[in-house]
Amino acid sequence: MSAAGVALMLGGAGILLAASPAQAADVSYRTECIPPPISGLPPVQGTTEVQLTAPAEAKVGDTVEVVWKTVAAASSNPDVLDLEKDTVKPTGTIKVGGAASGDLPMEGPRQNPPIPKNSPMVLPDMKGMLKLEKAGEITLTPDAYNINVSKPISTDTKCSPKETVQPGATIKVTDGGGTTAGGTTTGTTVGGTISGTTSGTTSGTTTAGGTTADGGTTAGTTAGGTDSGGTTAGSSGGGGGQTDFEGKEVSVAYACKTPIGDKNATSPVKIDAKKDGGSFDLTVKFSKSVMDSPADIPADSVKPSMEVKLGGADKGTVHVEGPTNKEPIKSGDPIEIPDLTGTYKPGASGKSTLSPGVLTVMALGTTTTCTPPADVAVSLELDTSSQPGGAAGGSDAGGATSGGGTDSGGGLAATGAEDNGTLRALGLVAGTAILLGGAVFTFTPWRRLRGNR
């Protein structure tokens, strides 16, 4: 049996009988916090200030409650997204010394006020239960802690001391039969060390400097550079008895808006068509997956779409979209881009061109929008005949197509998710986490986020 044993009891632990009033002391220490890789944020150096509360005196056999109050966390919520109410959950460790040795796990509830961007992190108090096994003085020293936020996906920020930390509380343990009030306590003592486990699991999204959560919609027109190939027409067809028309793969230099800065990415895209009466069934294809997922992605959480740009005789856009991911995507597995499909009903007669347009990825309550250059290359040219209710014809207004997309004077198409559609670069932002589009690109924003921040 150890000189002293410590057991963690969370939640329904009873009120403790202490031989003397509780003491509270503040201790500060230099801390490094590591954001989750998905966030693309660098490590944060800061100072953690903790107030520990524990009885000044107790007896052998007592089980005492220790409270960790984070007066100041080492990092703030950065200028990315606001954190919602009750999304933050801390866990941590207290080093036990003196008459006992080991680690006392600490855990707090998922409870916090809304935390705006560029404001201090507000963490709830953490608690743990310490069972006293032998007389003597026991010191309690705050150590590493973890911040967990539950939206939009689960990530953790891990913070650890970068200097020797001074004890925050001392308990003088005397001989005598100790008790607890309000129920029994349970725990284990192993050898000369303290052991215990935290109850439950932590889930949610955090970053050392804040986490990505749902944000507001941003809009704008970003040129993003030129495409080699300019307005060169791709494959052409539509006349005679031919029904299947294969487009040319073109490289598109997308410009994406993100809360952590503008991101550029290049994607190979091809548009194919199949004639169906006077209309055409479109399929937009991306050549291959070019990156692995940096985090686990739940099934049915990502949906891509595009507004195919019309030119030549016709004007406007055609909405095409793909299915959500059927299966979860494990961290490290390749992300495959599904084909995007929709129906083009011509609004003018003549030779009409189709080019890759605004790309939108909706994932976990967020919206990513990337805009191609104005002179994006043509992938496919078709001989078209005007159909009732077709695209815009010769107008720049960009009328609705049968796929549902619209274009307003060449600007960004409507992206949806008006409630929280912050524009982000394709990829997981941490965290915010945007989950799909990075796989499209031969030079992905995910890699920028993970390597250049």
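Residues numbered from 1 in each chain as written. Predicted model: local features only at pLDDT ≥ 70, side-chain atom pairs only at ≥ 80, totals over all residues. Heavy atoms only, no water.

Asks: What's the story with the nonpolar core in this structure? I'm lost.
Replies: Within soluble globular proteins, side chains that are nonpolar tend to cluster in buried spots. By size, the foremost hydrophobic cluster in this structure holds 37 residues, and its most contacted members are Trp68, Leu130, Ile138, Leu140, Tyr145 and Ile171. Elements supplying a minimum of two residues to this core: strand 1 (22-34), strand 2 (44-55), strand 4 (63-72), strand 6 (88-98), strand 7 (102-107), strand 9 (126-131), strand 10 (136-149) and strand 12 (169-174). Among the elements that make up this core, the one with the highest residue count is strand 10 (five residues). Apart from the residues within four sequence positions on either side, Tyr145 is in contact with Tyr29, Thr31, Cys33, Thr48, Trp68, Ala73, Ala74, Thr91, Gly92, Thr157, Lys158 and Cys159. The next biggest cluster of nonpolar side chains, apart from the first, holds 28 residues, and it includes Cys256, Ile271, Leu310 and Val318. (Core = buried A, V, L, I, M, F, W, Y, C linked by side-chain atoms within 4.5 Å. Buried < 20%, exposed > 50% of the residue type's maximum accessible area, 1.4 Å probe, protein only. Helix = DSSP H or I, 4+ residues; strand = E, 2+ residues; numbered from the N terminus. Contact = heavy atoms within 4.5 Å.)

Asks: Can you help me understand unusual backbone geometry in this one?
Replies: Residues apart from glycine generally show negative phi values, whereas peptide bonds are mostly found in trans. One non-glycine residue, Asp86, adopts positive backbone phi at about 55°. For Asp86, the location among the structural elements is in the loop between strand 5 (76-77) and strand 6. A positive phi angle is found at Asn118, which is not glycine, with a value near 55°. Among the structural elements, Asn118 can be located in the loop between strand 7 and strand 8 (119-120).

Asks: Would you mind going over the pairing of strand 18 (residues 263-276) with me for this structure?
Replies: The side chains of a regular strand alternate, residue by residue, between the two faces of the sheet. Across two bridges, the pairing between strand 16 (residues 244-245) and strand 18 is antiparallel. By the bridge assignment for strand 18, Asp244 is matched with Lys274. By the bridge criterion, seven bridges tie strand 17 (residues 250-256) to strand 18 in an arrangement that is antiparallel. If you follow Ala255 over to strand 18, its bridge partner there is Asn264. As paired elements, strand 18 and strand 19 (residues 279-286) share eight bridges and run antiparallel to each other. (Pairing = 2+ DSSP bridges.)

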